[in-house]
Amino acid sequence: MNAPTLQTARLVLRPHDWSDFSAYLAVMQSARARFMGGPMSLKQAWFCFASDVAQWPLKGCGALAVTLRDSGELVGQVALNDIPHFPERELGWMALEGHEGRGYLTEAALALRDHAARVLGWETLVSYISAGNARSVALAERLGARRDDAAPRLEPTDLVYRHPMGGAA
């Protein structure tokens, strides 16, 4: 399956291309990556980026670049992860520096979550959030996700938020 292109009122969620890697690397090598296993080396960031992109042909899901509809500017990433070392399928997100607080990731995550339910037929979806990542907790809650303390997690200290599916928030 090829990665889809999705559109919202303000955004285009498109397949990543090579030009996105420098911005991705900048996030992964910054203190912002502390909630995503970083800061990372170039090698680690490349492996993560390649995994995000490669999931589409391998698993029918993966990451999409979040860009502004009017200008094409890259502002972040949203992802549907279905990878072997994750206990469940995950909805993830990442804002680029300077693009937080504008609702871009909320809008993008809602569109991708709807795609997972409507097109992929996924019936359940979680977000794994590092303890202390208040911004991601707030975003999960804006999306209608509720904390699920009984769910398996990636790391013992992770918070797991379970999303409503089928477009109901």
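All chains use their own residue numbering, which begins from 1 and follows the written sequence. Only residues with pLDDT of at least 70 get local features here, since the model is predicted, and only at 80 or more are side-chain atom pairs given and counted; chain-wide, interface and lining totals rely on the full set of residues. Side-chain numbers here rest on the full set of heavy atoms in the structure, without hydrogens or water.

I'd like a description of the overall build of the protein chain, backed by residues and values.
A run of H or I in DSSP becomes a helix once it reaches four residues, and a run of E becomes a strand once it reaches two; helices and strands are each numbered from the N terminus. A count of helical and extended segments in the protein chain gives four helices and eight strands. Counting helices and strands in the order they occur from the N terminus, the protein chain gives β-β-α-α-β-β-β-α-β-α-β-β. Only C-alpha atoms enter the radius of gyration, while the globule expectation follows 2.2 Å times N to the 0.38, with N the number of residues. A compact globule built from 169 residues would reach a C-alpha radius of gyration of about 15 Å, and the protein chain, at 15 Å, matches this within 12%. Summary of the burial criterion: residues with accessible area below 20% of their type's maximum are buried, those above 50% are exposed, and those between are partly exposed, where the area comes from a 1.4 Å probe applied to protein chains only. Out of the 169 residues belonging to the protein chain, those deemed buried represent 51%. What makes two residues a contact is simply this: any of their non-hydrogen atoms within 4.5 Å. Considering only contacts within the protein chain whose residues lie at least 6 apart along the sequence, 62% involve residues at least 24 apart. Areas reported here follow the Shrake-Rupley algorithm with a probe of radius 1.4 Å; residue values treat only the protein chains shown as occluding. In the structure as shown, the protein chain presents an accessible area of about 8,300 Å², 54% of it carried by carbon and sulfur atoms. Placing the 17 positive and 18 negative side-chain charges of the protein chain at their respective mean positions leaves the two points 2 Å apart. When charges are counted, Lys and Arg contribute as positive and Asp and Glu as negative, whereas His and the chain ends are disregarded. By convention, charge coordinates are those of NZ in Lys, CZ in Arg, CG in Asp, or CD in Glu.

I'd like a rundown of the side chain of Asp 148, residues and numbers included.
Within the element layout of this structure, Asp 148 appears in the loop between strand S7 (146-147) and strand S8 (159-162). By the criterion applied in these results, polar contacts are pairs of N or O atoms within 3.5 Å in which, for protein atoms, one can donate a hydrogen and the other can accept it, and in which residues neighboring in sequence qualify only through two side-chain atoms. Reaching out from Asp 148, the side chain makes a polar contact with the backbone nitrogen of Ala 150 at a distance of 3.1 Å.

Give me the lowdown on the packing of aromatic side chains, citing residues and values where you can.
We call Phe, Tyr and Trp rings a pair once their centres come within 6.5 Å, taking the six-membered ring for Trp, and we label the pair stacked below 30 degrees between planes, edge-to-face above 60, and tilted otherwise. Applying the stated criterion to the full structure yields eight aromatic pairs. On the numbers, 6.0 Å between centres and 35° between planes, the contact of Trp 46 with Phe 49 is tilted. Of this pair, Trp 46 and Phe 49 both sit in helix H2 (residues 42-59), three residues apart, which is roughly one turn of the helix. Trp 46 gets classed as partly exposed once you look at its relative accessible area, which sits at 36%. Put simply, the rings of Trp 18, Phe 21, Tyr 24, Trp 46 and Phe 49 touch in pairs and so form one group of aromatic residues.

Break down the pairing of strand S2 (residues 11-14) for me, with residues and values.
Residues Leu 11 and Leu 13 line one face of S2 and the alternating positions Val 12 and Arg 14 line the opposite face, and both faces are buried. The pairing of strand S1 (residues 6-7) with S2 spans two bridges and is classified as antiparallel. What sits directly across from Gln 7, in S2, is Val 12. Two strands qualify as a pair provided that DSSP identifies no fewer than 2 bridges between them. Count of turn residues in the S1/S2 antiparallel hairpin: three residues. Note that S2 and strand S3 (residues 63-68) share four bridges and pair antiparallel. Bridging across to S3, Leu 11 finds its partner in Leu 68.

Would you mind going over the state of the cysteines in detail, with residue names and values included?
Pairs of cysteine sulfur atoms within 2.5 Å are identified as disulfides in what follows. A complete count under the given rule lists zero disulfides for this structure. Take Cys 48: it sits in no disulfide, and the sulfur closest to it among the cysteines is that of Cys 61, at 15 Å. Among the residues examined, Cys 61 registers a relative accessible area of 0% and is labelled buried.

Treat this as a map of the structure, not an account of what it does.
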